[in-house]
Amino acid sequence: MSFDLIVRGGTLTDGRVADIGISGGRIAAIEAKLDAEAGEVIDAAGDLVAPPFVDPHFHMDATLSYGTPRINASGTLLEGIGLWGELKPLLTHEAVKERALAYCDWAVSMGLLAIRTHVDTCDDRLLAVEALLDVRKTVAPYLDLQLVAFPQDGFYRDPTARENTIRALDMGVDVVGGIPHFERTMEDGRRSVTELCEIAAERGLRVDMHCDETDDPLSRHIEQLACETQRLGLHGRVNGSHLTSMHSMDNYYVSKLLPLMAEAEVSAVPNPLINIVLQGRHDSYPKRRGMTRVPEMLKAGIRVGFGQDCVLDPWYSLGTADMLDVAFMGLHVAQMTSPADMRRCFDMVTTENAAIMGLEGYGLEVGNVASLVVLDAGNPIEALRLRPNRLCVVSKGKIVSRKQRNDSRLTIDGRPSSVRRRHTAS
Ligand code: FE2
């Protein structure tokens, strides 16, 4: 028996130690010991072998534009939107493409192999849509890119957004987006949710809306989103991104809202790095942190992932394409610090995010797409603690990135890494 590639002796996320045999871009075998030849062998003994990281919420048309034409002085969402509006007329097809491809390279090196990016449709040229459609095609051999038609300036508020959003979907954008809390009135926001869900239902598409990204406890568009999901039979195909108003909502109202979301199978993607930076900016003290109610949603049976949202753009001045940074911040802000909760946070940036995006053939099972990441860590919790180097990244059966071990993390006062690992909860 022979394989194209064998990943030998790695520790899987469930703690099993196994060899993974890969042939023809698929996982052909997972066994304790594979007695077989291979074109190439990766020695993963002592290392964590995980399915690739997945980011269900990003803005690739804006990424790596930090400081152009200026920085966000107030740090608010609204100034970020205004700043992006200043930058938009200056965009060129080539510049958007170049920044997006550079970001995809970063992502691959971090083991991030699937990204759902919103693309702004409030531009009569639809220049960013065209550029990211090109990027989607270019990166397809190694990275799954989903595009969301996103009317950043409001589906009704911007005079040509409705028409341009529909044009973008006609051009091949994958998912229907929206921004109900940015419409001029609550009623316009409500109507936008209804019409956008109807468009998705007619076209057989998924929905992912920026929803209630505000500290206003009366921003309740998630309720409408869940109701429309039920009415149109879109169960399991609709996601509410951000949902930050839920942080400030009345507890009784939330106790009624969460079962509705669970029944409608609407998932949620908070973006912890961005939510705690942008929200609470109008508060004095106590200052709200703005992230939605993650443990409560999980307890209610709602699927929850974590998204990155922004890297070096008008809204966020940092970022590295590392979904472990996202999960690390998420578990702190959500206070998910028990071993079981931390383990869950690792799943949220891998398997849960993959389910939210509807990725097919994802995960380390025989027959699935052979995409995986080898991390310099002993288990998922240690990976969250260290956010270590991705030693090897395999996408669709091919090695796409390698990194050296970071020697400074391999010893503590001269002791070998095994000592360090024994002090880590598993
Ligand atoms: Fe966003």
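Keep in mind the model is a prediction, meaning the values are calculated, not measured.

**Some details on helix 3 (residues 127-139)**
Then step 1. Between the first and last C-alpha of helix 3 there are 18 Å, a value that for 13 residues agrees with the 18 Å anticipated at 1.5 Å per step.
Then step 2. All buried positions along helix 3 are accounted for by L127, A128, V129, A131, L132, L133, V135 and V139.
Then step 3. Those residues of helix 3 that are buried are in contact with helix 2 (93-109), strand 7 (112-120), strand 8 (144-150) and helix 4 (161-170).

**Here's the deal with the coordination of the iron ion**
Then step 1. The iron ion binds to the protein through H57 (NE2), H59 (NE2), H210 (NE2) and D309 (OD); the donor distances cover 2.2 to 2.4 Å.
Then step 2. Note that the iron ion binds four donor atoms; their angles at the metal cover 85 to 176°, and the shape is irregular.
Then step 3. For H59, a relative accessible area of 6% gives the class buried.

**Section: the domain arrangement of the protein chain**
Then step 1. What the domain assignment lists for the protein chain is domain 1 (2-51 + 364-420) and domain 2 (53-357).
Then step 2. The C-alpha-based centres of domain 1 and domain 2 are spaced at 31 Å.
Then step 3. At the interface, 22 residues of domain 1 touch 21 residues of domain 2.
Then step 4. Together domain 1 and domain 2 conceal approximately 1,800 Å² of surface at their shared face, both sides included; 68% is due to carbon and sulfur atoms.
Then step 5. Area buried by domain 1 at its contact with domain 2 is led by L384, R387 and R390, which between them contribute 35% of it.
Then step 6. Run the count over domain 1 and domain 2 and you get three salt bridges.
Then step 7. Close ionic contact of D322 with R390 constitutes a salt bridge, the shortest N to O distance being 2.8 Å.
Then step 8. For the pair domain 1 and domain 2, the number of links is seven residue pairs in polar contact (both at pLDDT 80 or more).
Then step 9. Put simply, the parts of the chain that give the side of domain 1 that touches domain 2 at least two residues each are strand 5 (48-50), strand 13 (372-375), helix 12 (380-386), strand 14 (390-395) and strand 15 (398-402).

**Comments concerning the side chain of T229**
Then step 1. Along the chain, T229 falls in helix 6 (residues 221-231).
Then step 2. A polar contact of 2.6 Å, which involves the side chain of T229, links it to the backbone oxygen of L225.
Then step 3. Every residue in contact with T229, bar those within four places of it in the chain, is listed here: L234, H235, V238, A264 and V266.

**Structural notes on the side chain of S248**
Then step 1. Residue placement: S248 occurs in the loop between strand 11 (238-242) and helix 7 (251-264).
Then step 2. At 3.5 Å, the side chain of S248 and the backbone oxygen of D215 are in polar contact.
Then step 3. Separated by 2.9 Å, the side chains of S248 and R288 make a polar contact.
Then step 4. Setting aside anything within four residues of it in sequence, one finds S248 in contact with D215, P217, R288 and R293.

**Structural notes on the packing of aromatic side chains**
Then step 1. On inspection of all chains with the given rule, the structure shows five aromatic pairs.
Then step 2. Ring geometry for F53 versus F346: centroids 5.8 Å apart, planes at 70°, classification edge-to-face. Here the residue F53 occupies a position in strand 6 (residues 53-58), and F346 occupies one in helix 11 (residues 339-357), the gap between them amounting to 293 residues.
Then step 3. Judged by relative accessible area, F53 falls into the buried class, the value being 0%.
Then step 4. Relative to W106, the ring of Y103 lies with its centre 6.4 Å away and its plane at 40°, an arrangement referred to as tilted.

**Describing unusual backbone geometry**
Then step 1. The linkage connecting T68 with the following residue, P69, adopts the cis geometry, with an omega of -5°.
Then step 2. Relative to the helices and strands, P69 is located in the loop between strand 6 and helix 1 (77-87).
Then step 3. The amide bond that connects Y285 to the next residue, P286, takes the cis arrangement and shows omega of 0°.
Then step 4. By the secondary structure assignment, P286 is in the loop between helix 8 (272-278) and helix 9 (294-299).
Then step 5. Despite not being glycine, D309 has its phi angle at roughly 75°, a positive value.
Then step 6. Here D309 is to be found in the loop between helix 9 and helix 10 (323-333).
Then step 7. Phi at Q335 takes a positive value of approximately 55°, unusual for a residue other than glycine.
Then step 8. Tracing the chain through its elements places Q335 in the loop between helix 10 and helix 11.

Reading the values: the criteria
- Residues numbered from 1 in each chain as written.
- Predicted model: local features only at pLDDT ≥ 70, side-chain atom pairs only at ≥ 80, totals over all residues.
- Heavy atoms only, no water.
- Helix = DSSP H or I, 4+ residues; strand = E, 2+ residues; numbered from the N terminus.
- Expected span 1.5 Å × (residues − 1).
- Buried < 20%, exposed > 50% of the residue type's maximum accessible area, 1.4 Å probe, protein only.
- Contact = heavy atoms within 4.5 Å.
- Donors = N, O, S within 2.8 Å, 3.2 Å for Na, K, Ca; no water.
- Tetrahedral: all angles 85-135°; square planar, octahedral: opposite > 155°, others 65-115°.
- Domains from an automatic or database assignment.
- Buried area = accessible area lost by both parts, 1.4 Å probe.
- Salt bridge = Lys/Arg side-chain N within 4 Å of Asp/Glu carboxyl O.
- Polar contact = N/O pair within 3.5 Å; in protein donor to acceptor, adjacent residues only side chain to side chain.
- Phe/Tyr/Trp six-rings, centres within 6.5 Å; stacked < 30°, edge-to-face > 60°.

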